[in-house]
Amino acid sequence: TCFIIHHLHHRETMARKSKKTVEEQPPADGGDATEEESVVQMDSDDAIPSIVDNDNGDEDDGVAPEETKKAEETSDKKSAKKAKKNNDNMIDGKETIPFMDTFYQLSSEDSPKDRSIAARDLIHHCFFTGQGINHKDAAYALTRLMNGLCTGRAASRQGFASCLSSFLRVAYSSSLNESDSSAMEDILKEDDIAEKLKADMEDAHPAMILRQKLLSTTQIIAPEASSIVKGQKKGPPKLKGIEERDHAFGRLFGILAVIRSGTLGVKDLSSVVVEGYTKDLIDLYHYKNWMKEPSAHALIELLSSLDTESNLDLIAKVTNSVITPTLFLSAENKVAEGDRAQWLQKLTPEQIAVALHLQTRQNEDIKYDYPLDEPLVTVESVPTLSTALSSTSGVVYPRSHVVWNTLWMYLTEEVKGCRQLRTTEEFPSIIETIMQHVVVDILLGKGEERSAPTNERRSLALQIVCALCGSSDLEIALPSNLIGSVLSPEVVVRVFVNVLCASGGLGKKISKEEGAEHHLKPMTSNAMLDLIDHCCEDDDVSRRMAFAKAFLLTDPRFDTKTKTQTISSLLMLENNGSETSEESERQRVAMWQSYLSFLEEEIVSATSLHNATVYIELMFKLAKRDLAKAPANEARRVIQFFMSGAFFDCSDLSDPSATKKTPSKKKKKNKSKAASESPSPPQELSSGLRIKEILKANGMTSISHPARAIMSARFYSLLSDFVSVITSQNRGGNKSKAFYSEGSRPESIYRALSEVSGIFSLLETSGAKQFPVPSASLETDDASDANPMEATKKIMHQVQKIANDALVKECDGSGDKDVLRAKAVFTTSCASLMMSLSLQLNSCGINEEEVEEDDDVVESVHEYISDLAECVDGFCQVMEDESSFMKKGDEGNPLAEMAGLLVNILSSPVGGEESGKTNPIQASASKLTRETVKLAWSGIISVITSLNAKNKTLKSLVDEDVMSILIESVCGEKSMGDEEDDEDDESMEDSDSSEDGLGDSAVFVDASEAGMDLDEVKDDTPDDSKESDEESIKDGTGDEVIELDPAKLENLLLEDSDAEMSDSGFHGILEHHAGADKALAALIKLKQEARKASQVERERIELCNRLRCAGLLDTLFSVSVFNSGWIPIEAVLGSIVPILRSRKAIAKSIQASSSANAKKSLSERNALLDRLSTLLKDKISKFRCTGHSEAEELALKASSDIYEEMKRSVNVAHCSCCSVALITAARCIPNLEDNDDVKAIYVGSVEDWSTRKATKIHARVFEDLIQRMPSLASLVLKEPLMTAVRDAHSPFLKCESIKLLSALYKHDGTNADELLSKKASSSTKECCSKVAETLQYALGDSSLQKPKHRDEVLIATKHFVNYLQAQEEGILTDAEIRAFQETLKTVKRNCKSTGMKQMCKAVYDKISVLARREIAEDPTPKRSKDSKAPKSSKKQKKSKK
């Protein structure tokens, strides 16, 4: 018994591994099967809990009935006997379902688990009771189970079939003794119907009897009289349609139950039984169309259950004797003998599935008869079978027809956990043919004379693609070279792109409000996610790249268009910044290298500009992503590729290492060895050689000029980003992750740009030819004139030599360490700027279709490089020999020359932009130039910072000329001069034009005043005249808008119809045309608008230039410079007022920008405004004067000017900037707390703010002073603020004064006195009595009785009391405290708000516990009240008289 139990458990375990399900197809011929019945699946018999293992008791805790009590827990004998009696109905200590109730529970549709428990209890009752096998109940159960197969109620068919499978398995495996036969024979003996069937059979096997019993139970058609079993008086009545359908499904489920029970695999089983079941399934196949697929599926499962190793003869016999004649050569498939092509055309998908299963590899040794003697699926037969295969689209998703699963099993084999294509030469071609003829031509409707694809066909196409891509249960792994055939552009577009991009049904877009979408979109999205997840789990880089190529070749912007992360996931573009394992990093590098090779090929071989542009952008994005992490080898490769393709003709490029000398006789002996060790080409030439190879392979001569232009723009932009990343890495201080771990920031950038320049030189020496520069400046008629390009290269080499010598000497330590370090930083930064300028001399060639560019940029670059070399020489002289430079006093200031040069670069198209032209190449190149300009200026400042102690001359270089250049570049011309501001600051709005009522004549007046001649007006009118016209000509004349072309308007004025000769009047007199005035007015307006637009564009560019130059001031006014203390106080304080005035002018222009033209530069104005504000608040405000002899005089002068500027502030923000600037200037005054001038400024400011209604000063001024300089604020603000509390002209200002006053006493729990000087702390305590009186006055002020005002006063009082409470000694006298308390009582009594009363009480309580200040006694004795003053001598004399 134990052996049988173990054997049954092993059989169940093995069955779980080969579990399959049966799925039905809805009736296609109008049968009676409903959709609910047709898709119902039979429960797997493996879901039934084990009835023999004692380990499964916990699985049924949630559904088992209540456990019986154990005998040991009760002393009642009757209960013990009852428990002993019920032991036969227990499984693992749990009560079982009664036998008769199990049949009802088998049809439960609540849960498959309920049906499994019922089946377990039924089998346990029949086979595993204490009395042994219950044959009678088992026979009854067998009959009930077969009858239940024909029941369509709830889930009866699934539950009964699953239970029948387990029942048969146990019945054939159970016996009372090992020598006895199986229990099935004894059970059949108890079955009357089985005994009657057995009587009509000779030597009937139990399996044959069971089959006959199943057939008799599930009869589809009433039997003939001759077939009626003996003993039956009459055959069963004729079945109804619904009953006939139920019996058909019952027979199918019953046969499947027999197959899954494993009884057909019993040894010595007669082939008649197998043939019988096979014939039964084929009969079901021919019964109805909707029964074809389930029957074929069951037939395949029957054949799979037979062991191919021991039953080869049985499979061959069943196939040749039953399947071939009745299934493949039946009447519906009957064709002329030998006509295989016609036979293939008549095959159904189900017949194809069975044939493919028989021809799989495990059945190759079996010899089949015609027509299975030859392979069914070949390259030639697929077009014939395509119609049958595509007809399976009617199967509802997610289920696919059985033929597809069988087809994939036929074409693949199991290898290392996945299915791979079999090693047959024809199978890859079969896959390609299936995709072309079945998917593309039929399912997607691309073939000739094909109808539009339906959603069902798209669904089937999607399932086929997913299966071949490995995202199905089969996990097929096709070779990389076949993925492109599966995911061809036609397939990707129609299966994925069109569905994912559609928002409505049938591919029609609808509004977002309706919320509907293409009903295939969820299915396609899930399929795409599964496909990508499966592919990303594979470590094969070539497969992932093959998938990425397929989607990119369809649409390079696949992710953007479909709003998915397909390409990003495949190429590992996500989470690039996070840390990854070494294996993942290695895979990513290999993936990106392969991706770049693909992009290079697509860019070079692109036949359209659109494709080239898109792939260039993809390469650029990849490079930018790679810049985030060192060493950025992919980004370097992209830079080399863009450079080689944009600026060079690589058709004659050759590998220097490939050129070999003629070998001698001795060397010829080792010829083979030398050939195997041939050196690889230099890495710097790999991109150029790659371009040459691709061009040659595609029969092209060069990359198109438009593509080269885009590559050149991206080259400059990417190189600029590369420099920016190096800058940020060096600032971060983490050199381990930097591109160049050794060296400073200028040295790292110098190395990067030197590498690029070196590649340029290597390409030229290796045969690559630079494209000509479209400039006339390089074409000289005189042969004696030097070539500017050669002169520039010579200058660059000289500066590079200086930089290299400085680096070498620093490494050798030969010289002053500090001087060499400063010189190395300065020269490398200037050399980097020079190389970035020289890169702009490269060209992507001349486009014959376009006009040649102006050569101003090229000439400017040559001039800038020459001037930069002179500045480098001048600075090097100052650093090396200070005395000799001072003797040459007549020579210019090298710092001023350098500042002027850098400002000119940033203000020109070389480092900025040009008016009226949009050149993306120049814009990208100027971005790189701006980065190196910052580097060069930082190098100069670092030299002065590091050497100012040793070299006093460097400190004196920052003079008035330098500051004038820098300030005027940011604040505008003449900003350093005195500004006479006589305009009225009271109003910021433009006055109304006086010509509003003149109509068209106003335009003529404006034109005449401006001296406008319509024939001479051009867009490039000088700035002065345009500015005067801008002032004199106003908008908004109110005329009717006439939108005409200027040329048409001029012709209108000259037409003959405008001046006709009058016969009745004087001859030769022209009559005035009525429309001439309006036409002329419209023409003038058009000219004005063109001029205004040009003027606005120039202003915008000027603002951008000023923004760029602001970076120079940021570097000069940095914290490191201020901390070193070398910058003169005149340079800092002298810059404040011009910056404030410039900021005010910009703020005014922003407030007055109401026209459309003015708004075009609004963003630039706001940016410059914010930049100037940041410069004042975050940069200059950190300046501290360190012992200058004239500091007080300069600071007072600056404070006075700033105060005057503050009194003319345009808004709160500008007033705040003036406030910070005033504090900065005041900090430079020695003994500031004793300075009366500063006190007078702030006292006057408080008075102006509190008493003058039109004041421009805001409370922000005093808040900044309290926050930044609390000591000075305590000394100068208390008295004027207390006066303002009484004399301010509005309650709001009184409240603001009280808030500011309380801020001086605000105590947040820390020792606030530590922030104050002794003088300020003493002054604060001395003024407490006056402050108390002021607060009492405010509490009783009738103008401050509103709740919001009273709250402010009470809060200020609370802060003041907190300050008093924090002091150790008493501050107020007892009388002052009592007066304060009386005032609070009065306020509390008059308050209506509960919150205010509570606050009054809280403040009152705090005041009550304050320490009192004792009043000092007068040393002179006081006269008592009783004593009288002595009378005068005169009065005494009178009294005597």
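What counts and how
Residues numbered from 1 in each chain as written. Predicted model: local features only at pLDDT ≥ 70, side-chain atom pairs only at ≥ 80, totals over all residues. Heavy atoms only, no water. Axes fitted to C-alpha atoms, helices over the stretch in contact; angles between N-to-C directions. Helix = DSSP H or I, 4+ residues; strand = E, 2+ residues; numbered from the N terminus. Parallel < 35°, antiparallel > 145°, perpendicular 65-115°, else oblique. Left-handed = near helix turned anticlockwise from the far one by under 90°. Contact = heavy atoms within 4.5 Å. Nonpolar A, V, L, I, M, F, W, Y, C, P; charged D, E, K, R; others polar. Salt bridge = Lys/Arg side-chain N within 4 Å of Asp/Glu carboxyl O. Buried < 20%, exposed > 50% of the residue type's maximum accessible area, 1.4 Å probe, protein only. pLDDT = per-residue confidence, 0-100. Patch = residues over 30% accessible without salt bridge, like charges linked within 9 Å, V, L, I, M, F, W, Y side chains within 5 Å. Areas by Shrake-Rupley, 256 points an atom, 1.4 Å probe, with all protein chains shown as cover. Lys, Arg positive; Asp, Glu negative; His and termini not counted. Charge placed at Lys NZ, Arg CZ, Asp CG, Glu CD. Phe/Tyr/Trp six-rings, centres within 6.5 Å; stacked < 30°, edge-to-face > 60°. Lys NZ or Arg CZ within 6 Å of the ring centre and 35° of its normal. Pairing = 2+ DSSP bridges.

Further remarks concern the packing of helix α48 (residues 1129–1151) against helix α50 (residues 1162–1179). A pair of packed helices is captured by two measures, namely the crossing angle of their axes and the spacing between those axes. Relative orientation of the contacting elements α48 and α50 amounts to 150°, with a least axis distance of 10 Å. The angle between the axes of α48 and α50 places the two elements in the roughly antiparallel class. Both α48 and α50 take part in a crossing whose hand is left-handed. Every residue of α50 that contacts α48 at I1136, I1139, L1140, S1142, R1143, I1146, A1147, S1149 and I1150 is listed here: L1162, R1165, N1166, L1168, L1169, L1172, S1173, L1175 and L1176. For the contact of α48 with α50, the residue count by class is 12 nonpolar, four polar and two charged.

Once that is clear, we can look at the pattern of salt bridges. With the rule as written, the count across this model stands at 49 salt bridges. In this structure, the salt-bridge partner of D1234 is K1319, at a minimum N-O distance of 2.4 Å. With a gap of 85 residues between them, D1234 in the loop between α52 (1212–1227) and α53 (1236–1251) and K1319 in helix α58 (residues 1318–1326) connect regions that are remote in the sequence. Here the salt bridges share partners, and the residues they tie into one network are E913, E1097, R1100, R1108 and E1164.

Moving on, we come to the environment of S744. For S744, the location among the structural elements is in the loop between α33 (705–732) and α34 (745–765). Taking the relative accessible area as the measure of exposure, S744 reaches 18% and is therefore buried. When the C-alpha atoms of S744 and I726 are compared, they prove to be 10.0 Å apart, with 18 residues separating the residues in sequence.

The next subject is the confidence of the model for the protein chain. Per-chain confidence: the protein chain averages 78 in pLDDT, with 74% of residues scoring 70 or above. When the criterion is pLDDT under 50, residues 44–87 qualifies, and its contacts beyond four places in sequence or with other chains add up to 59 contacts. Segment residues 176–180: pLDDT under 50, and two contacts once partners within four positions in sequence are set aside and those in other chains are kept.

Together, D856, E859, E863, D867, E870, D873 and E897 make up a region of like negative charge exposed at the surface. Position of E870 among the secondary structure elements: in helix α37 (residues 856–880).

What the rule picks out here adds up to 25 aromatic pairs. An aromatic cluster is defined as three or more aromatic residues linked by ring pairs; in this entry it consists of F647, F648, F715, Y716 and F760. The ring of F103 carries the charged tip of R144 above its face, separated from the ring centre by 4.3 Å. One cation-aromatic arrangement involves R714 over F620; the distance from NZ or CZ to the ring centre is 4.2 Å.

Here we take up unusual backbone geometry. Omega for the peptide link from Y370 to P371 comes to 10°, which places this bond in the cis form. Positionally, P371 belongs in the loop between α16 (349–358) and α17 (382–390). Despite not being glycine, K563 shows a phi value in the positive range, around 55°. Judged by its relative accessible area of 76%, K563 is exposed. Here the phi dihedral of N1231 falls at roughly 50°; this positive angle occurs in a residue that is not glycine. Within the secondary structure, N1231 is located in the loop between α52 and α53.

As defined by bridge partners, strand β3 (residues 412–415) adjoins strand β4 (residues 418–421) across four bridges and the pair is classed as antiparallel. By the bridge assignment, V415 is partnered in β4 with C418. Where β3 hands over to β4, the hairpin turn is made up of two residues, of which K416 adopts a positive phi near 55°.

Across the interface, helix α27 (residues 582–604) lies against helix α29 (residues 633–647) with an axial gap of 11 Å and an inter-helix angle of 15°. As the angle between them shows, α27 and α29 are arranged roughly parallel. Regarding α27 and α29, the two cross each other, and that crossing is right-handed. In this structure, α27 contributes R588, V589, W592, Q593, L596, S597, E600, I603 and V604 to the contact, and α29 contributes E634, R637, V638 and F641.

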